[in-house]
Amino acid sequence: NNSFSANDIKLTGGLKYKISHISSFGVSSSYILSKIQSFTAQSILFTIGIQSELKKNHSGLGLVIRNLGFQFDSFNNLKEMPSFQIQVSGYIKPKYLSAITFSDIIIEKNVINKILITGIEFYTKNNLILRFSNSGIFFKKYQLNSVALGLQLNKNNWILDIASRNLISIGIVNSISIKKQF
């Protein structure tokens, strides 16, 4: 049985600017510390994105460019540049359901596979959001590679996210994040 320990810590801060009543622009920066066994890697990454909402049709589109930055400490002194991603997103808000359905396509530099994520978020009356999604890899054919579920609790500008993702072939990843909106 080959087992190992791995831990990541990510600290993120961001700003969102409303361009118009239907469009917004955002930018964020992150510090990431990763440990696998006795190896450590650290990086600073930036993300930029734009979102447009079509209120009449209850739908919207988004574009995100992620992982722009550098790694200043690497696993076993193996220097590598972060592989940036381009994510194109679309969502629909059904007229008679308090939910959002979404689909994302992620294209990553130096990776020939494209990732398709689909899911739904249900909004309850008590500031709770329930999420269900799946993702798959496209390379000649579609292959399911994960299913996920999560919940988000919003209270007084604080956000608590709890999620679990089954990566099917390599195990389960659980996460907890706490955010403060200003």
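Above this note sits the structure.
Residues numbered from 1 in each chain as written. Predicted model: local features only at pLDDT ≥ 70, side-chain atom pairs only at ≥ 80, totals over all residues. Heavy atoms only, no water.

1. Focus on the overall build of the protein
At step 1: Scanning the protein for helices and strands turns up zero helices and 11 strands.
At step 2: The secondary structure elements of the protein, listed N-terminal to C-terminal, are β-β-β-β-β-β-β-β-β-β-β.
At step 3: In terms of its C-alpha atoms, the protein occupies a principal-axis envelope of roughly 55 × 35 × 35 Å.
At step 4: Expressed as a percentage of its 182 residues, the buried residues of the protein come to 23%.
At step 5: Within the protein, contacts between residues at least 6 apart in sequence are counted, and of these 28% link residues at least 24 apart.
At step 6: Accessible surface, the protein: about 13,100 Å² in total, of which carbon and sulfur atoms supply 62%.
At step 7: For the protein, the separation between the mean place of its 20 positive charges and that of its 8 negative charges on side chains is 8 Å. (Helix = DSSP H or I, 4+ residues; strand = E, 2+ residues; numbered from the N terminus. Buried < 20%, exposed > 50% of the residue type's maximum accessible area, 1.4 Å probe, protein only. Contact = heavy atoms within 4.5 Å. Areas by Shrake-Rupley, 256 points an atom, 1.4 Å probe, with all protein chains shown as cover. Lys, Arg positive; Asp, Glu negative; His and termini not counted. Charge placed at Lys NZ, Arg CZ, Asp CG, Glu CD.)

2. Considerations on the side chain of Ser135
At step 1: Structurally, the position occupied by Ser135 is in strand β8 (residues 128-139).
At step 2: The class for Ser135 is buried, based on a relative accessible area of 1%.
At step 3: A polar atom in the side chain of Ser135 sits 2.8 Å from the side chain of Asn145.
At step 4: A distance of 2.6 Å separates polar atoms of two side chains, one belonging to Ser135 and the other to Ser146.
At step 5: Residues in contact with Ser135, not counting those within four places in the same chain, are Ile115, Leu116, Ile117, Tyr142, Leu144, Asn145, Ser146 and Arg165. (Polar contact = N/O pair within 3.5 Å; in protein donor to acceptor, adjacent residues only side chain to side chain.)

3. Some details on the sheet that holds strand β4 (residues 59-73)
Pairing between sheet strands relies on hydrogen bonds along the backbone, with the strands arranged either parallel or antiparallel.
At step 1: If you trace the 11 strands from one edge of the open sheet to the other, you get β1-β2-β3-β4-β5-β6-β7-β8-β9-β10-β11, paired in antiparallel fashion. Of all the strands in the sheet, just β1 (6-18) and β11 (172-180) have a single pairing partner and so form its edges. The average angle at which neighbouring strand axes cross in this sheet is 20°, direction not considered. (Pairing = 2+ DSSP bridges. Axes fitted to C-alpha atoms, helices over the stretch in contact; angles between N-to-C directions.)

4. A short note on the side chain of Ser83
At step 1: Locating Ser83 in the fold gives a position in the loop between β4 and β5 (85-92).
At step 2: Of note is the side chain of Ser83, whose polar atom sits 2.5 Å from the backbone oxygen of Lys109.
At step 3: Not counting chain neighbours up to four residues away, the residues in contact with Ser83 comprise Asn67, Glu108 and Lys109.

5. Structural notes on the packing of aromatic side chains
At step 1: This model, assessed by the stated rule, comprises four aromatic pairs.
At step 2: Between Phe70 and Phe72, the aromatic rings sit 6.2 Å apart at their centres with planes inclined by 50°, giving tilted as the arrangement.
At step 3: Classification of Phe72 as partly exposed rests on a relative accessible area of 39%.
At step 4: Taken together, the ring pairs connect Tyr31, Phe70 and Phe72 into an aromatic cluster. (Phe/Tyr/Trp six-rings, centres within 6.5 Å; stacked < 30°, edge-to-face > 60°.)

6. A few points about the nonpolar core
At step 1: By size, the foremost hydrophobic cluster in this structure holds five residues: Tyr91, Ile100, Phe102, Ile106 and Ile117.
At step 2: With three residues, the single largest contributor to this core is strand β6 (residues 99-108).
At step 3: The residues contacting Ile100, other than those within four sequence positions of it, are Tyr91, Ile92, Lys93, Pro94, Gly119, Ile120, Glu121 and Tyr123. (Core = buried A, V, L, I, M, F, W, Y, C linked by side-chain atoms within 4.5 Å.)

7. Side note on the pattern of salt bridges
At step 1: Evaluated as defined, the whole model comprises four salt bridges.
At step 2: Overlapping salt bridges, with partners in common, bring together Glu121, Arg131, Asp161 and Lys179 in one network. (Salt bridge = Lys/Arg side-chain N within 4 Å of Asp/Glu carboxyl O.)

8. Considerations on the pairing of β5
Along any regular strand the residues' side chains alternate between the sheet's two faces.
At step 1: Residue alternation in β5 divides its side chains into a buried set, Gln85, Gln87, Ser89 and Tyr91, and an unburied set, Ile86, Val88, Gly90 and Ile92.
At step 2: Sheet analysis places β5 next to β6, joined by eight bridges and oriented antiparallel. Each bridged residue has a counterpart across the sheet, and for Gln85 the counterpart in β6 is Glu108.
At step 3: The hairpin formed by β5 and β6 contains six residues between the paired strands.

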